[in-house]
Every structure is written in structure tokens, then in C-alpha cells.
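A look at the structure
Residues per chain are reported as follows:
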Amino acid sequence: MSMDRTAMRPSSALSHLSQLARLGLPSRTVIPEMLETLKHLVPSHFCMFVWIDAAGRPVDFHLPWIIPEAIEANSSLLGCYDMEVPSFTSLVRGGRPFGFAAEACRKENFADSFFYNEVCRPYGVGHGFDVFVRDGRTVRGVVLATREPGRSYYSRRDVEALMGAAPAFAHALAADNLDQPALTAFADNAERAVLTLDGDGHIIEASGRHEQLLRALLDLRFDGRFSRDAFATAAPDLFAPLIASSARHPVVVRMTAYGRILIRLYPVTRPVAGDAPAAPHSADHHYALIERQVPLPLEIVKRLAAFDLSPREREVAQHLLLAHPPARIMKETGVGAHTLHDYRRRIYRRVGVGSREELVQRVLS
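The paragraphs below set out a description of the structure included in this document. Values in this document were obtained by computation on a predicted structure and should not be read as measured data.

1. Here's the deal with the pairing of strand E5 (residues 186-197)
By the bridge criterion, nine bridges tie E5 to strand E9 (residues 285-295) in an arrangement that is antiparallel. Along E9, the bridge assignment pairs Arg-192 with Glu-291. Sheet topology places E5 next to strand E6 (residues 203-206); three bridges connect them, and they run antiparallel. Its bridge partner lying in E6, Leu-197 is registered against Ile-203. Turn length for the E5-E6 hairpin, with the two strands adjacent in sequence and antiparallel, is five residues, and the turn residue Gly-201 shows positive phi of about 85 degrees.

See below:
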């Protein structure tokens, strides 16, 4: 039996966060999915994450969509003072675990501040609440939940839920310090974009929300040096060589921290109206179809969240879907042969299948 993921219970959301964090994938691959899950634990407009370096400085962050002008404005403030609030770095070093965003949003002049009008308003954010993610005493990241103007402030229960999610994010960050296994299995993702490029690789047109994929391909960081023109400036260095070799290599695969990204190039000849002179590169435009693929274990965990399974049943189902042998499943889950058999029967019954092959078809098709 499946359930609507939009109605995920808070307890299910917390266990799902934990399962995502334990995948051992790069944090920039798994944290975007964790942020989507966090909205089921604490109702929010959207959630974002900030990566912090050893000196307490913000070095990157993830948002569900990108507004370059707002991110440029935010980048200009990362090391500055606004609304008489200390700099981000001094807040990180201050020792408190949460609440600075909430304090800033409640200030009397917040609605008149540069930060609100240039950063928050474009994203439809009225206020937010932040929780610091620590490795021991060192801040490694910040989780920020946001709500629209007019919505209620975060309650004590919401704050406790955000604090309860912080260890999962700390676990996800810890994976960056481990030797990452070579990933060989990937699954298609709904995230894709279409660009129109000229012969020099400049972007002429782009579909909505293409920036997230371009950001991964160009390895852009949203730090204090980010500019709204960063995408347009860096794009030719990526696409011009691909266009030059597209006849021999029409499909290019790039591994990024955001996942594996496929770039398919299609040459386009644009007709010239009447007797008008041909525009430069008029016969040398290309469409670029960009598609994200995520590691198969991540896609499996995401899809299993739609089924009414217990946390342990989802863990066993993940192993079954990855075709792990019984000995490995028993070792990694700590269950015996008879218990594993019982789990498998319950999983098949609840998903509505009769074999592992049917389970794969039902979950991954």
C-alpha cells in the first residue's frame, strides 16, 4: 500500500531523514533531498542549508531554486553587518545553537532592511528559523526553515523538531570526510533543463529553473564572491568545447557533487527571414538538453518513502532493491535469517507484490 508523500507523518519524516543521511553519499548530493523531507517535519515555505568552513565562514548554500540577483545581494552581506545584527561568522562563533534568523526577522526595521527587500522578498520569505549543525563544538552547517509573510512564527514544537533533525544533517556532512565509493548505478531524475546556445557556447535562452544544473556543471559556489553574471560568464568555457566535439560526442557525462549530469547537444539551423544578412552563427546554434541522474541508493530511499513501511522495513527493502545477498543484509541490519524472512514477507505484502523482481518493478518503474 502506498501513501501520499505530501502527507508524510513527522515520525516518518524524521526516520526518512536519518536513512538519507546514512547513505554515505556526498553531502551536496543528499542534503537537497533532506531539505525537501524537512518540510514534512516542520511545515515551511522552503528550507535551505549553509555549509560552514573551519574558520566559521559560509562557503556555499543550497536553495530549492536560484534567483541570481537575490543570491548576489546575499553574498554581498555574508561578511557584513545589517540591521545591527553581527556578521554571519561571529554568529557561528557565538556558541548559541539556534534562533538568530528569528531574532533578525522580529526586529522593528527588518521590513525596511536591504536584506529583506533584496534577498527575502524575491523568494517570498517573511521570516525564518535557523539551527546550527555541529561536529562536536565546531559548526559545520546551518539549516534554515522559512515561511511566507503573514504565516505564524515557528513554535516551540517546531524548534524542537528542527533541533531533532540536526544530528541527521551532521551525519550527512560527516560522509564528506570519508573515502567515497565509486558510484556505478544511477537513476533518472525529473530534474532537467533545455538551453539554446550560440556557436561560442553563450546561453541565448533557457528553460525555467535551469540554474541548479548549471551551477553543478560549472562548480559555482554561493560565497561572498558570487555575481549574478556568473552563469553567463562561465557558460562558454563549458559549452564551447562540447559544441566543437558534438559531432563525435553528442552525449557528454559529467560527474558532479550534485549527481551525474548528462548533456545532449542537438545542432539547429535557424532560417534567415527574407534577404536579411545572416546573423553570426545563425547556422550554428545548439539545443542542450541537461538531465540529472542521482545515485541509485538515493532514488530508492526517496521512492520507498511513498510506501507505508516501518523504518526497519524500508531499510530491508532498500537492500532487496539493490540486490544485496541475504548474508550482507543480515550483517548490516543485525537481524537473523528467520527475521529477515519475516521482514521480506511483510514488505511484499504491504507493497502488494510477490517477489523481489516485482518489488523492483513496482518501486523503480
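2. Topic: helix H3 (residues 68-77)
Most of H3 is tucked away: seven of the 10 residues are buried. Looking at H3, one finds that the buried residues are Pro-68, Ala-70, Ile-71, Ala-73, Asn-74, Ser-75 and Leu-77. Against strand E2 (58-62), helix H6 (114-120), helix H8 (211-218) and helix H9 (230-244) lie the buried residues of H3.

3. Focus: the sheet that holds strand E7 (residues 251-256)
One open sheet accounts for five strands, arranged E6-E5-E9-E8-E7; its pairing is antiparallel. Pairing within the sheet leaves two strands with one partner each, and these edge strands are E6 and E7. Averaged over neighbouring strand pairs, the angle between their axes works out to 30 degrees when direction is ignored. Lying over the sheet, H8 contacts E5, E6, E7, strand E8 (259-268) and E9, oriented at roughly 95 degrees with respect to E5.

4. Overview of unusual backbone geometry
Phi at Asp-219 is positive, roughly 55 degrees, even though this residue is not glycine. Tracing the backbone through its elements, the reader meets Asp-219 in the loop between H8 and H9. Judged by its relative accessible area of 54%, Asp-219 falls in the exposed class. Even without being glycine, Ala-323 reaches a positive phi, approximately 60 degrees.

5. A short note on the packing of H8 against H9
For the pair H8 and H9, interaxial distance at closest approach is 10 Å and the crossing angle is 60 degrees. In terms of orientation, H8 and H9 fall into the oblique class. Note on packing geometry: the crossing formed by H8 with H9 is left-handed. Facing Glu-211, Leu-214, Arg-215, Leu-217 and Leu-218 of H8, the residues of H9 in contact are Phe-231, Ala-234, Ala-235, Leu-238 and Phe-239. Considering only residue class, the contact of H8 with H9 consists of eight nonpolar, no polar and two charged.

6. Remarks on the packing of aromatic side chains
Two numbers describe a pair of aromatic rings. These are the distance of the centres and the angle of the planes. One pass over the structure, following the stated rule, counts 11 aromatic pairs. The interplanar angle of 50 degrees and the centroid separation of 6.5 Å between the aromatic rings of Phe-110 and Phe-115 together place this pair among those described as tilted. Given a relative accessible area of 5%, Phe-110 falls into the buried group. Here the aromatic residues Phe-61, Phe-222, Phe-226 and Phe-231 are joined through ring pairs into a cluster of three or more. The cationic tip of Arg-28 hangs over the ring face of Trp-51; the distance from NZ or CZ to the ring centre is 4.4 Å. Between the NZ or CZ atom of Arg-215 and the centre of the ring of Phe-222, over which it lies, the distance is 3.9 Å.

About the thresholds
Residues numbered from 1 in each chain as written. Predicted model: local features only at pLDDT ≥ 70, side-chain atom pairs only at ≥ 80, totals over all residues. Heavy atoms only, no water. Pairing = 2+ DSSP bridges. Helix = DSSP H or I, 4+ residues; strand = E, 2+ residues; numbered from the N terminus. Buried < 20%, exposed > 50% of the residue type's maximum accessible area, 1.4 Å probe, protein only. Contact = heavy atoms within 4.5 Å. Axes fitted to C-alpha atoms, helices over the stretch in contact; angles between N-to-C directions. Parallel < 35°, antiparallel > 145°, perpendicular 65-115°, else oblique. Left-handed = near helix turned anticlockwise from the far one by under 90°. Nonpolar A, V, L, I, M, F, W, Y, C, P; charged D, E, K, R; others polar. Phe/Tyr/Trp six-rings, centres within 6.5 Å; stacked < 30°, edge-to-face > 60°. Lys NZ or Arg CZ within 6 Å of the ring centre and 35° of its normal.

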